Amino acid sequence: MPAFRALILEDHDFQRRVGAQVLRSCGATEVYEAADGAAALDYVCSSPTPADVLLCDLKMPGMDGLAFLRHIAEHGCASSVILASAVDASIMRAAEIMAKSYGIRMVGAIDKPVSRAKLMPLLLRHFTRQISRPHAAAEQMPLTEIAAGIAARQFLPFYQPKIDVKTGMLVGAEALMRWRHPERGFIPPASFIPLMERNHLIAEVTFDLIKTVLAQIRAWQSAGLSVPVAINVSVESLRDTSLPDRLEAMTSAEGLRPNCLTIEVTETVAMTDVGHSLETLARCRMKGFELSVDDYGTGFSSMQQLTRLPLSELKIDQVFVTGAAEGTILAALLETTIGMAHRLGLKTVAEGIESNEDWNIVAQLGCDIAQGYFIAKPMPAEELAPWYGAWLGKRSGRPAE
Ligand code: C2E
Ligand code: CA
Ligand code: CA
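Calculation notes
Residues numbered from 1 in each chain as written. Chains lettered and ligands numbered in written order. Predicted model: local features only at pLDDT ≥ 70, side-chain atom pairs only at ≥ 80, totals over all residues. Heavy atoms only, no water. Domains from an automatic or database assignment. Contact = heavy atoms within 4.5 Å. Buried area = accessible area lost by both parts, 1.4 Å probe. Salt bridge = Lys/Arg side-chain N within 4 Å of Asp/Glu carboxyl O. Helix = DSSP H or I, 4+ residues; strand = E, 2+ residues; numbered from the N terminus. Nonpolar A, V, L, I, M, F, W, Y, C, P; charged D, E, K, R; others polar. Donors = N, O, S within 2.8 Å, 3.2 Å for Na, K, Ca; no water. Axes fitted to C-alpha atoms, helices over the stretch in contact; angles between N-to-C directions. Parallel < 35°, antiparallel > 145°, perpendicular 65-115°, else oblique.

A. Up close: the domain arrangement of the chain. By domain assignment, the chain separates into domain 1 (4-128) and domain 2 (143-396). Computed over C-alpha atoms only, the centres of domain 1 and domain 2 are separated by 33 Å. With six residues of domain 1 at the interface, the matching set in domain 2 holds six residues. Both faces considered, domain 1 and domain 2 share a buried interface measuring about 540 Å² in area, 68% of it formed by carbon and sulfur atoms. Along the contact surface separating domain 1 from domain 2 lie zero salt bridges. With five residues, helix α4 (residues 89-101) is the largest single contributor of residues to the side of domain 1 that touches domain 2. Looking at the side of domain 1 that touches domain 2, its residues break down into two nonpolar, one polar and three charged.

B. Focus on unusual backbone geometry. With an omega of 5 degrees, the peptide bond running from lysine 112 to proline 113 counts as cis. Notably, histidine 200 is not glycine yet its phi reads approximately 55 degrees, a positive angle. Turning to its location among the elements, histidine 200 is positioned in the loop between α7 (193-198) and α8 (202-222). Unusually for a residue other than glycine, aspartate 295 sits at a positive phi of about 55 degrees.

C. Examining the coordination of the calcium ion (ligand 2) more closely. The calcium ion (ligand 2) binds to the protein through Glu174 (OE), Asn232 (OD1), Glu264 (OE) and Asp294 (OD), with metal-donor distances spanning 2.1 to 2.3 Å. Donor residues for the calcium ion (ligand 2) sit on one chain with the sequence pattern E-x57-N-x31-E-x29-D. A spacing of 4.0 Å is found between the calcium ion (ligand 2) and the calcium ion (ligand 3), which share aspartate 294 as a donor. Of the two residues, glutamate 174 is situated in strand β7 (residues 170-181) and glutamate 264 in strand β10 (residues 261-266); the sequence distance between them amounts to 90 residues.

D. Summary view of the packing of helix α10 (residues 243-253) against helix α12 (residues 274-287). Relative orientation of the contacting elements α10 and α12 amounts to 30 degrees, with a least axis distance of 8 Å. When the axes of α10 and α12 are compared, the pair comes out roughly parallel. Between α10, through Leu243, Pro244, Asp245, Leu247 and Glu248, and α12, the contact on the second element is made entirely by Thr280, Arg283, Cys284 and Lys287. Considered class by class, the residues forming the contact of α10 with α12 number four nonpolar, one polar and four charged.

The structure is reproduced here in structure tokens:
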């Protein structure tokens, strides 16, 4: 366990002192104690030595934990947060999801009283992950540089495998855009996609990406590997009702069938400009492309609203998947979602499979497909076949579960 600095936000004096002691016993070298949200916020915003971990109560007089989390998110706080509260588990879960959607790095939640036995496993898991996944706040790249990058064709897909949970076989991959920047190396989408979307550049770049993807699917096919690919599509692409025809022409130019391509849209995208979006999506489906709803559960549409879309697949957002084995509420949500999706004839994909426990729980709940760092991170095209060979080798060496 690395040395770390912590802040405890807890209005109850005795519980705060105990919490601080527990943090020290877990390896905290410094613990800042705050009795209310305002004091904690002041520390987060102005301390020259920011805390690595914030242990945060939810129910407090004055600024409650929810408001505190919103404020620190607005401030761009990079600390990791653990909730410790006596509130109902459903409220705790809502708070966790809210914090994650504000962009806060959530470690987990524990009920009070805080103890070393509850805190230590969370901290251990967090620090091991942090080493394997450094998390930098997404720096937005300047528009002029993005435009130059587009002209120089520096945007390309990485591929993350999608695995059949029952058989362990590769059933596809998701194409995730990366910018091969001449000086900075590979830049993730959070640093350029929002600006591309706001400046109407995304549709053009997406077309280029799809062209590359189709040629790659063809190359894999020639090498004896069938890899249908999912692509992420923004609302701007859906407004273009000629998209299905163009996709069809591009697909057949490669000698491929439309079902080699899955279009992923988020609930929000699908529900924006509903007329055009539905026309485009329905036509894509009629032509035989697959359609998946991405980040399911983070938007506000009900399953019933989603049945308006001609879907073939539901991707359950990682918020509901990562760590699901630890909490009964998450597992219950997952089970209900998978059951409903199956009743509607949809395949289910669980995103954010980060551990063996995540894999086991989605397998147990009958989810069809798994995707996540536990299987593989997104990778350049040429690494996929060697990775798959190693994956199959590893699995065949495993005792049957
Ligand atoms: P998304 O479509 O939800 O993609 C999944 C994101 O989760 C990817 O981040 C992926 O690298 C990451 N991920 C995969 N497995 C795990 C895991 O086990 N744990 C965790 N914590 N994360 C995991 P990435 O590549 O940074 O992409 C972020 C978002 O950018 C995507 O989210 C998607 O919304 C958008 N995006 C990526 N490529 C494109 C594109 O070509 N076009 C458009 N419009 N959006 C794209
Ligand atoms: Ca996606
Ligand atoms: Ca997603």
